[in-house]
Each structure stands twice: as structure tokens, then as C-alpha cells.
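Examining the three-dimensional arrangement
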Amino acid sequence: MGSVVSYFGQPCGQEKKKEEERHLRANDRPFNLSYHYANNAIKTSKYNIFTFLPLNLFEQFRRLANAYFLFLFILQLIPQISSLSWFTTAVPLILVLSITAVKDASDDINRHKSDKQVNNRKVDVLIDGELRNEKWMNVQVGDIIKLENNQFVTADLLLLSSSEPLNLVYVETAELDGETNLKVKQALTVTGDMGDSIDELAGFTGEVRCEPPNNRLDKFKGTLTVNGRTYALDNDKVLLRGCTLRNTEWCFGLVIFGGPDTKLMQNSGKTTFKRTSIDHLMNVLVLCIFGFLASMCTVMAISNAIWEVREGSVFTAFLPREPGVDAALSSFLSFWSYVIVLNTVVPISLYVSVEIIRLGNSFYIDWDRKMYYPKNDTPAQARTTTLNEELGQIKYIFSDKTGTLTQNIMTFNRCSINGKGYGELFDFSGQRVEITENTDKVNFLWNHLADPKFIFHDHSLVETVRAGNPEAQAFFRLLALCHTVMPEEKKEGELNYQAQSPDEGALVTAARNFGFVFRSRTPETITVVEMGKQVTYELLAVLDFNNVRKRMSVIVCSPEGKLTLYCKGADTIIYERLHPSCNKLMKVTTDHLNEYAGDGLRTLVLAYKDLDEDYMDDWKKRHHEASTAMEGREERLDELYEEIEKDLQLLGATAVEDKLQDGVPQTIEQLAKADIKIWVLTGDKQETAENIGYSCNMLREEMKDVFIVAANTAEGVKEELQNARRKMCPEAPEEASVIKARAGLFWCQKTETVQDEKVDGDYGLVINGHSLAFALEKDLQLELLRTACMCQTVICCRVTPLQKAQVVQLVKRYKQAVTLAIGDGANDVSMIKAAHIGVGISGQEGMQAVLSSDFSFAQFRYLQRLLLVHGRWSYLRMCKFLRYFFYKNFTFTFVHFWYAFFCGFSAQTVYDEWFITLYNLVYTALPVLGMSLFDQDVNDRWSFRYPQLYSPGQLNLYFNKKAFVRCMIHSCYSSLILFFIPWAAMYDTVRDDGKDIADYQSFALLAQTCLLVVVNIQLCLDTHYWTAVNQFFVWGSLAAYFAITFTMYSNGMFLIFTSAFPFIGTARNSLNQPNVWLTIFLTSLLCTLPVVAFRFILIQLRPTINDKMRHKVRKEALPAPAPRRLPTRRISTRRSGYAFSHSQGYGDLVTSRRFLLKKPLKSRLALFTQTDSPLAENQPQHYRTIAEEPEEAQSP
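Rules used in this analysis
- Residues numbered from 1 in each chain as written.
- Predicted model: local features only at pLDDT ≥ 70, side-chain atom pairs only at ≥ 80, totals over all residues.
- Heavy atoms only, no water.
- UniProt positions renumbered as here; feature names shortened; annotations may be inferred.
- Helix = DSSP H or I, 4+ residues; strand = E, 2+ residues; numbered from the N terminus.
- Buried < 20%, exposed > 50% of the residue type's maximum accessible area, 1.4 Å probe, protein only.
- Contact = heavy atoms within 4.5 Å.
- Areas by Shrake-Rupley, 256 points an atom, 1.4 Å probe, with all protein chains shown as cover.
- Expected span 1.5 Å × (residues − 1).
- Polar contact = N/O pair within 3.5 Å; in protein donor to acceptor, adjacent residues only side chain to side chain.
- Pairing = 2+ DSSP bridges.
- Phe/Tyr/Trp six-rings, centres within 6.5 Å; stacked < 30°, edge-to-face > 60°.
- Lys NZ or Arg CZ within 6 Å of the ring centre and 35° of its normal.
- Core = buried A, V, L, I, M, F, W, Y, C linked by side-chain atoms within 4.5 Å.
- Salt bridge = Lys/Arg side-chain N within 4 Å of Asp/Glu carboxyl O.
- Patch = residues over 30% accessible without salt bridge, like charges linked within 9 Å, V, L, I, M, F, W, Y side chains within 5 Å.
- Lys, Arg positive; Asp, Glu negative; His and termini not counted.
- Charge placed at Lys NZ, Arg CZ, Asp CG, Glu CD.
- Axes fitted to C-alpha atoms, helices over the stretch in contact; angles between N-to-C directions.
- pLDDT = per-residue confidence, 0-100.

The name given to the protein in an unreviewed UniProt entry is Phospholipid-transporting ATPase, with Lates japonicus as the source organism. Regarding the protein, the relevant UniProt record gives this comment under Cofactor (unreviewed entry): "Mg(2+)".

Pasting the structure below:
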């Protein structure tokens, strides 16, 4: 019963109380079911077979336009009102509703399939003392389940025990945060001691009290009570649904949250229906048009009443009124009749055409081979078809870092040893050679323990090491000894390193390939294979890394008894501790470091010191006393570390590349030229984010300043933000000026806008998580927004998923600009949903962001094509379509208005009824669709060459209220010409044979023919890019008009359907007269000439950026595809610090015996000295060289 309730929601009439605390008991289903917790089934679909039709129709008729056309259809069924047949509205309405319903049904069927596939996965559940294989959907809160290696985590679990030493498990969180590095979790000792004993696990009755379901991926608070004792629970004891178990044979977990309550699903949230700014504008315009229509109909009704009183009585002799109809009632009926006749100002075909155009432009994105990533077989995908034109209006981009800008792969790129740089290649003239995939690689076959995946191109370094150069060998010996990496060797020679930061793993792997292989470790020793010879060093001390020290040291004793301290760390920190004899070498190394930092590499400086045995004995005693002191332990240890880490000898420096995705810097440069501001919102540390900022060209050396906001108090944050703002714009007022206005349908929506403030030069802003938390509070929001929006680049570090969404919402609320969020993990979902447009990076293992996104592709670099080409074209096409569509329909309708003055305001139509039915559906549908699907001002290469072409979309220049009013004025002029020229030309006119031609039917034919010719000429003037399809549609629609007209006005049609086709013979009688064709020519000329003249003058006096560019394109040859250029090296004094993803506390672990308590064959390390301690400061990232599992290799 509980599963039924949780799947379909609470029974009717019962409101579910908001959960304040979760209380559950292991292995006690009745107790847990009494709380009505959700089970593990998920449901993302909206309809079922019974609710589809009523719910879908209800949703569709909530659209103002659909409801309006339904109302019109009902009016047309009343004979006293309708002067048009019911099918003129019914056929298009049914068509629109059907197409939308089929699309919605297809989407929902796919959601049902996805739900079913996930809910029917199998997992082992402990029920009644035995393991049973159950479906995921049947798992309940409080169940104990068993997971095996490479299985998805079924629900949010409390880790109880595992196969690994110290109850560790390794999980991959790609589905949650896009990172493919392993994270480590650890069970409590009290539960870990149960191991895999089914009897003990079945008898476990621990009670958990914890926080209610929420979307915070990085936090968990709770307690576990076992045998009367209470233990604290935190995020490191919990496995989240969406993770994958790796390198762990098995583990047992207790289900805390299931299905919709899991953090993965809580982050998914409800899908909000996104509408474009053009949609919102159209709603307002349609409302204005309704008002305009009502006013026109009111004028017609009043005029009808006056006419009936003054003139109507004259006609009653041969046109008698119906019984009971007087002038007042006639006026009332004519109002509704004109609502029907003039309804073409808002035709239903507008909405059909808009959907078709959006669908077509979505297919262009899906089919674009230049956005296809062959490595993963991943095409770009427009997952939403309603937002295309908004891609051409983006002003702010919010991007994740890991997995979005970077590949999260570290590679040992270059190094400086004893003043000589290695890693770059030069030709005979001394010019730097670009390294490509075809460049000759170093052959490491001489080293049978080398990692086959390691790539290096500079042969001279291998030659130097193999020649026995003492400095080079000491350099790699340091890299092999000074770290906290743990090795795992399943097969002889196949080493797998578990490192808590990927850059540390890259350095140890580099040492391994250059002949210094870190093979194994115990708490007291490190075994290294040095140039084929196994050497075991005694590990005397590990001087651990922390955020203040920014360095790490080890003290080792060689087999010969030589004592050495090896140290690696940030250059500024190491340089302060070098012996004066190193000054000359330090200057050369500094030049190399500047080069490396200029190329965006992460650098470390390496140094060593030989120690005296007597001094070391004394230091060890003092170290022992300090480490066991009850008070001032940290300070005393720091003093000892400072004492021994001085007078170091410089060895050199390393440069590790945090590999960016291909084309990221160029993409960011292009987007910046298009005046798009990029904000990076990342969970990484500040140093990492800054480093990537420089690598990506977001932060540049030529920027006037890069402001760092890192205060720990609200006052401090405010002061730092204000100081930055005053420096950028000294004359800006202290208080933000907020412009309040009203917008939206019925002007109900209140808007607050903070205007952009002009700044001279480019600035950057870096703000960390705790400062951002203060800045997002209500009284500091505007200060943050003002300062951040003055900067070209903003980087927010240590940001939670909720803060990401809050930053996006802040900009949306006060900037009235279009925003785009791009990410690849579940931690980006809230941001993706908050932005106007969400983009997911697909092709990685984490697909949660893609599932919530509007567009997806495999590489960040495709974003520039999505925006600068597809987005810009979509916006231009949609604006051009709307301008033309309103023009042709207002022109069509206004002719009726002028005709009313000549037909006694009787709601008689000026055109043939069949022409009215087919005008929007057949005669003008295809030409405007052809223009809206194929038109482009310049091609894609020119769009890339001049990103400034993008800016009109950001300012919404091509379709706005002014453009709409201009359309109306243009239509009004055209309709006057189209009515009065044919009217004057036909008035009292005779045929060549002297017969009369001035009848209603001939005038109607002439007026509609002139209209069709004029709107087609206008379309030709608006089209910039002609294709065979456009030509076919334009000429084909004119040919279709004449063919259908001659057919419908033929004798045969009249004889078959006498009442439906009354215009017998009109076409052949009128269109064979020269004066009719002359009238068509004159009308077309008078409608077209002023437009051509006006545009000519406008281009001469006030050309737009598109006009200038088209002029340029006609003069210049097509630009060649951008060549691959060698990355320009920037001169930089800024260098990256040490081990940015490193955490404090790992030094103690490698000297702890406890990780050897279980399974001595395995040499994987526990990451804690105290089994119940939380993971220090942040979750570690694990670097793996995957030799034994090629199918799990990371995708770049």
C-alpha cells in the first residue's frame, strides 16, 4: 500500500505535511511505512492514458490565442452573426490542437519509457534475513541493500560496511557533478565491523534521525543510534543516488531517501515551462491587437447604427429587415460580425507558422555536422523546440568549470631542471614548433613499468635522465617520494595510483615513466624502482600540506643512511626558504615559471635539503613532544616545520596542464567580442578557478585589475565590493538606481531594472563561496550585481548548487537580459533550470544536466556556433517573419475596414470567401516559411569573423513595439493603395467590348490579386538569401493562386456546388482585360516604391551593422576557415599555487598503520587516521591511470 501511495501521491483529501525530520529504523518496514515516506519509484511523466486528452486540451486552451479561436468558432456557428463559413476557423484550430497534442504525447511516452527502464533495474535487498533480487521501485526507506562494483547507487544510502580496508568505498560522481575522478566515502566503525555477515546485518536495528529531503549535494546532517550510543553522520558516510561504485567489490547501505526524495531527484525539481522574450512580447501585442480589433468593431457597429437610421430605410423596399431587427440590434450583430471578418489581424496560422519555424531551426541544430563530436558519436541536440530565437539574444553566460571548460585530466607538460627547460620543441632556427597528434612521441619501452598512456614529446629529457644527470635524477626522485599517493598493483607491472588530487597523480606518473617508479609503501617505508633498481627508503616524517603552508615535505633516509628533506610547493613559498646560493638558478627558474604560467599551466617548485643525523634526532624528539601536546599543538608543529624547511637547495619546477576542452579560449574570446559576459560558477577552490580563468582567456594580464572578494563578514564583503566599484567607476552614485516598471500580459508583472554603468577598460572579479553567501543577502544583492556587471568576467568559487541558481536569478531579476547556463552535472541542474536557456554538456558519463537542459552537445566550443550562427539566424528569421506576417495580415484586414464605408457597414467581405480561407493557409504560407527557414544575412563564416553582428539581438532591435507600430503604419498605407486604386480604376469602367465590368465580383478579384502580388513583392524585398526552394515557393504560390482561382470560378464548380462558388466566370472575364493588369502593376508600384526609397535613404544615412556587413561581403572574398594558430604566450607574473585540489590531513594517513589492518595483499590507503573523522575540508579527487579497465577510460 505504501508503494502505491508514494507512487501516485497522497489520497484525495489528505494534505501531506511538510517533513521536518526523517526518522527511520533499519530492517523495520512496518515502522518506516507508518511515516508514509516515498519509496524508490520515480515518475517524471505528466499524463496517463485517461488523463491525456482532458489535461492536454486544458493546457492548450490556457493559451490566449487558442481560447480566442475557440470563441470565434462558436460565433461562426450563429447564422445571424456569421458572414463566413465555420470551416475557415475550425480546420486550422483542429490542425493546431492535433499537432501539439501529438508532440506532447510523443514526449510523454518517452518519459514513461525512461521511468520504466530506471524503476525496473534490479538490486539485492536484505528482506527477512536473506538477500533478494528486487526491482528498484520496490525498495523502501529503511531497507539494507547490497551494491557490487560498477553498479549504480540505488537510492541515498547510509554506508554500513564495505570490502575495502577501513570500510572505504570509491564512488564516481559524474552523474552528480560531472567529475570522473573517484571520491572516497567511509562507514562508521560500529557498522563496518558487521562486514558482509548477513546474520549481523539482518539483526541490525540502528535508528537514523536526519534532515528532511533537500537538494544540497554537499551537506548531510544526522545521527545514528546503535545500542543506546549515538554517532554523528555527515556527507562522507552517505552514498547518493546517481553515483557509481568503483574499485570496491561490495558494500552494504541503509536506504535513507528513496525515489523523489533523493538528492538527485530533488535537484531535478519541477520542469518550468520556458518562454522566449518574443513570446512574452507577442502576448502583449496580441492583447493590444484584441483591443485594436474591438475598437475597430465598435467604430463599425456605431457607423452601422448611423447608416441604418439615415440610409438603411431606403433599402428596405428590396432588402427587408428580418422580423424584430431594428437599427440597435443590427448594430449589435454587426459588431460580432466584424469580429469574425476582421479576426485575421490575429490569425491562427501565425502560431502554426511560429511552431514550424522553430521546429525547422531546431532540426538545423540537430543536423549540424560542425557540432557533431565523432569521438563519442554525440551530435548536438535541440531538446526544446520553443527557445531557438532566444539563442540570438544572450547577454550573460553562466558556466560550470569542471567537465564544462576543462576535461578534468591532468598531464605533465613541461619542467625546468637545474635551469634548463624541457617539454617544448624547437626547429633548427630556434622557433617553437607546435605539438600535434602527429608529433613524434618519446618511446618508453626501455622502462617496463612505464604507464602506456603517458605522452611526452621532448626526447632530450629522457636522454638527460638516462645519462645519469644527478640533478635530473634527484628531480624525479623527489616526485616519486614526496606525495601521499597510494599504489595498487593487481598484476605484475600494472600499477594503478589512487591520488587525492589529479595533479599529484600526474606528477607521480611522470616520475614513473622517467625511470623513478613509486612501487609500494608502508607506514615507515617507500619503495621506488630507480632506473630498474629497487630502492627502499625509510620514511621518517611527512610535513603535511595545508592552505597556509602551501607546500608539502617528506624526510627520508636512503639505504646508505643519507637523510634528505624533499619539498614541493608554490613558488613564492619555496623561494622564501631557499639558500642564498640558489639566487642565480632562482632567476632562470622564475623565467621558466613565467612562461608556464603564461601558457596557463599549474606550477610547483621542487627543492631538497640534506640533513644532519644529530640534528634530525633532536628535531624528532621535539616533533614528538609537539604532536602529543594538549595545547598549542598546531602552532608548535608549524614552528618546527618552519625551522627545518629552510636553506633549501632548488631543483627545478614542474608544469602540469589541467587540460581544457578543445577550443575553449577561442570560444570565450569570440563570445566576449559579441559583448556576451561570462560568469564561471564552480565548486572548485579559488586558486584553481583563477588559474582556469587565465587559461581560458577570461582573465587576462592586460585587464586593468582583477578584484578578489574573500571577506568573512557581511561588512567586509560590502567594503571590498564598494572599493572595487569605486575604482572602476569613481563617478558612479553610491546607491543603485533601480527603475521600476510594469510589463507582461495586462501589465501585471512588476519589473525592477538596474541600469548598466559604463566602465573604461576591462576588469575581472573573483568571489569565493562564503563571501558570495553574504553578498546574496537582500541588503548586499544590488552591490554585488552592480560591481559584477561592471566586470567583463566574474568567477565565483566554492559555490553550492543553490547559490548557482541564486546568482542566475539575481541577474534575471534586475538586468532584464537573456541568460544562458551551461554545465554537465546534477550540481548544475538548478542553474540550468533557473536560466532562460539551459545547455548540457553531453558525451560524459554524467547525463543529469543534459536531461534538464534545453540544448545539449559534447564540447564547450560548440557554444559559439550555437549562439553566433544558429541563435543569430533564428532570431533574425523569427523577427523578419513576425514583421512580414503582421504586415501582410494587417494589410489584408484593413482593406475590409475601408470597404465597410462602401457597403453600409454590413460586414460584407471584400474578398471571395475561398480566398479568405486559403490566404493564410495556402497562398502566403509557404513563401514566408521559405524565408523564415532559409534566410540569412551573412553565412556562418562571416558570422564567426564578425561576432559584433550578434549585438542587435541583445538589444532586441529587430522586433519590438516600435517595429510593430511601423508594420501597422506600413500596412495602413498599403491597404489604402490596395483598396482605392482598384476601386477608382474599376469605377464606371467598361470592357473592350463595351460590357460593364464594375461589379462586386470583378472588384473583389482585382483587389485580392493586387494584394497577393504586393505581399509577394514585399517578401522578395525582405529576402536576403535566395535558394531554389524560396523561388519555388514564391512562384509556386502565385501559380497556385491563379490555378485555384480559375478552377473555382469555372462553370463546372458552379454547376456542382452552386451556392459555394458564386463567382462564376469572373476570372476569365476580368483577367483578359489590359486595364486590369495595368491596375495591378500601378498598385504594386505605388506600394513598393516608397518602401524601396525609404530603405535606400535609411541605408545611406543610418546603416545598421548588418547593412555594413552585407556591403563588405559583396566586396570581399569568403573568409577562409580559421587556421590553427600556435597559442600566443602571455607574459605573466601570476603563477598557480600548489595542489589546488589538495586537502589537509593526508600526510598523517600515509604514516598510519590502520590501513593495513585488513587484506594485506591490497595496498590501497585509508584516507583517515581516525575512522570516524570527516573528510578534511573538501572531498578529494582521485587520479587514476587506468591500465586494466580500458572501457572506463575518461573521455576528453
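It is worth spelling out the overall build of the protein at this point. A tally of regular secondary structure across the protein gives 40 helices and 37 strands. For the protein, with 1196 residues in total, the buried portion stands at 57%. Looking at the protein alone, contacts between residues at least 24 apart form 75% of all its contacts between residues at least 6 apart. Total accessible area computed for the protein in this model is approximately 51,200 Å², and 57% of it derives from carbon and sulfur atoms.

Moving on: helix H14 (residues 470-481). Here H14 spans 16 Å end to end across 12 residues, near enough to the 16 Å set by a 1.5 Å rise per residue. For H14, a buried count of 10 out of 12 residues is recorded, marking the element as mostly surrounded by other parts of the structure. Along H14, the residues that are buried comprise Ala 472, Gln 473, Ala 474, Phe 475, Phe 476, Arg 477, Leu 478, Leu 479, Ala 480 and Leu 481. Its side-chain oxygen at 3.0 Å from the backbone nitrogen of Glu 471, Asn 469 defines the N-terminal cap of H14.

This part takes up the side chain of Ser 1037. Examined against the element boundaries, Ser 1037 turns out to sit in helix H35 (residues 1028-1048). Look at Ser 1037 and you get buried, because its relative accessible area is 5%. From its side chain, Ser 1037 meets the backbone oxygen of Val 1034 in a polar contact 2.9 Å long. Each residue touching Ser 1037, except ones within four places of it in the same chain, is listed here: Tyr 923, Pro 927, Asn 1016 and Phe 1032.

What follows covers the environment of Gly 419. Its place among the elements puts Gly 419 in the loop between strand E16 (406-417) and strand E17 (420-422). For the pair Gly 419 and Met 586, spaced 167 residues apart in the sequence, the C-alpha separation amounts to 8.1 Å. Apart from the residues lying within four places of it in its own chain, the contact partners of Gly 419 are Leu 585, Val 588 and His 592.

Attention now goes to helix H17 (residues 583-598). Its 16 residues give H17 an end-to-end C-alpha distance of 22 Å, which sits within 8% of 22 Å, the value for a rise of 1.5 Å per residue. Leu 585, Thr 589, Thr 590, His 592, Leu 593, Tyr 596, Ala 597 and Gly 598 are the residues of H17 that are buried.

Let us look at the sheet that holds strand E3 (residues 130-135). The strand order E3-E2-E4-E13-E5-E11 describes an open sheet built from six strands, whose pairing is antiparallel. The two strands at the open ends of the sheet, each matched to only one other strand, are E3 and strand E11 (238-239). In this structure, strand E2 (residues 122-127) lies alongside E3, joined through six bridges in antiparallel fashion. Paired with Lys 122 across the strands is Lys 135, a residue of E3.

A separate point is the pairing of strand E23 (residues 525-530). The element E23 is extensively covered by neighbouring structure, given that five of its six residues are classed as buried. Pairing of strand E22 (residues 516-521) with E23, which is carried by five bridges, proceeds in the antiparallel orientation. In the sheet register, Ser 520 faces E23, and the bridge partner there is Thr 527. Between the antiparallel neighbours E22 and E23 lie three residues. As paired strands, E23 and strand E24 (residues 533-543) are joined by six bridges and run antiparallel to one another.

Glancing now at the UniProt feature "active site" (unreviewed entry) in the protein. Within this structure's numbering, the places UniProt gives as "active site" (unreviewed entry) are Asp 400. In this fold, Asp 400 is placed in the loop between strand E15 (394-399) and E16. Here Asp 400 falls in the buried class, since its relative accessible area comes to 3%. Among the polar contacts listed, one links the side chain of Asp 400 to the side chain of Lys 804, at a separation of 3.4 Å.

Now for the packing of aromatic side chains. By the definition in use, this model includes 57 aromatic pairs. With 5.3 Å between their ring centres and 45° between their planes, Phe 902 and Phe 979 make a pair best called tilted. With Phe 902 in the loop between helix H28 (862-900) and helix H29 (913-923) and Phe 979 in helix H33 (residues 961-986), this pair connects stretches of sequence that are 77 residues apart. What makes Phe 902 partly exposed here is its relative accessible area of 40%. Centre to centre, the rings of Phe 979 and Phe 1003 are 5.6 Å apart; their planes meet at 90°, and the pair counts as edge-to-face. A residue pair is termed long-range when its members are at least 10 positions apart, and Phe 979 in helix H33 and Phe 1003 in helix H34 (residues 1000-1022) qualify at 24 residues. The exposure class assigned to Phe 1003 is buried, which follows from its relative accessible area of 8%. Above the plane of the ring of Tyr 37 lies Arg 22, whose end atom (NZ or CZ) is 3.9 Å from the centre. Above the ring of Tyr 497, the side-chain terminus of Arg 512 is found at 5.6 Å from the ring centroid.

Attention now goes to the nonpolar core. Counting 96 residues, the largest nonpolar core has Phe 69, Tyr 338, Leu 350, Phe 881, Leu 882 and Tyr 911 as its most contacted members. No other element matches H28, which puts 18 residues into this core. Discounting residues that sit within four places of it in the chain, Tyr 338 has contacts with Cys 297, Met 300, Asn 343, Ala 900, Cys 903, Phe 905, Ser 906 and Ala 907.

On to the pattern of salt bridges. Within the structure shown, the criterion is met by 44 salt bridges. The salt bridge partner of Glu 211 is Lys 263, with a shortest N-O separation of 3.1 Å. Within this pair, whereas Glu 211 is found in the loop between strand E8 (207-210) and strand E9 (222-226), its partner Lys 263 is found in helix H9 (residues 263-268), the two being separated by 52 residues in sequence. Linking Arg 577 and Glu 642 is a salt bridge whose minimum nitrogen-to-oxygen distance equals 2.9 Å.

Judged by side-chain charge, Asp 612, Glu 613, Asp 614 and Asp 617 come together as a negatively charged surface patch. The residue Asp 617 is located in helix H18 (residues 613-627) in this model. Asp 617 gets classed as partly exposed once you look at its relative accessible area, which sits at 42%.

This part takes up the pairing of strand E13 (residues 250-257). Within a regular strand, side chains alternate between the sheet's two faces. Of all the eight residues making up E13, eight are buried; the element is thus mostly covered by neighbouring parts of the structure. Bridge count between strand E4 (residues 144-148) and E13: five bridges; the pairing is antiparallel. In the strand pairing of E13, Ile 144 is matched with Leu 254. The sheet contact formed by strand E5 (residues 156-162) and E13 spans six bridges and is antiparallel. Along E13, the bridge assignment pairs Ser 162 with Cys 251.

This paragraph deals with unusual backbone geometry. Even without being glycine, Met 531 reaches a positive phi, approximately 50°. For Met 531, the position within the fold is in the loop between E23 and E24. We classify Met 531 as partly exposed; its relative accessible area is 32%. Positive phi, normally seen in glycine, also occurs at Asn 956, with a value near 55°. Considering the arrangement of structural elements, one finds Asn 956 in the loop between helix H32 (951-954) and H33. For Asn 956, a relative accessible area of 22% puts it in the partly exposed group.

Where strands meet in a sheet, backbone hydrogen bonds hold them as pairs that are either parallel or antiparallel. Spatial ordering of the open sheet is given by E1-E8-E9-E10, a layout of four strands whose pairing is antiparallel. Looking along the sheet, the strands with just one partner apiece sit at the ends: strand E1 (22-25) and strand E10 (229-233). For this sheet the average axis-to-axis angle between neighbouring strands, irrespective of direction, equals 20°. In this sheet, E10 lies alongside E9 in antiparallel orientation, the contact comprising five bridges. The partner of Thr 225 across the bridge, within E10, is Thr 230.

For the rest of this paragraph, the subject is the confidence of the model for the protein. Detailed reading of the predicted model is not advised wherever pLDDT is low. Residues of the protein with pLDDT of at least 70 account for 87%, and the chain-wide mean is 82. Per-residue pLDDT stays below 50 along residues 1-15; that stretch engages in 15 contacts with residues further than four places along the chain or on separate chains. Segment residues 1154-1196: pLDDT under 50, and 154 contacts once partners within four positions in sequence are set aside and those in other chains are kept.

Topologically, Trp 1077 is positioned in helix H38 (residues 1074-1101). Residue classification places Trp 1077 among the partly exposed residues on the basis of a relative accessible area of 40%. Taking the C-alpha atoms as reference, Trp 1077 lies 9.7 Å from Thr 1009; in sequence the two are 68 residues apart. Those residues in contact with Trp 1077 that sit more than four places away from it in its chain are Phe 1042 and Leu 1071.

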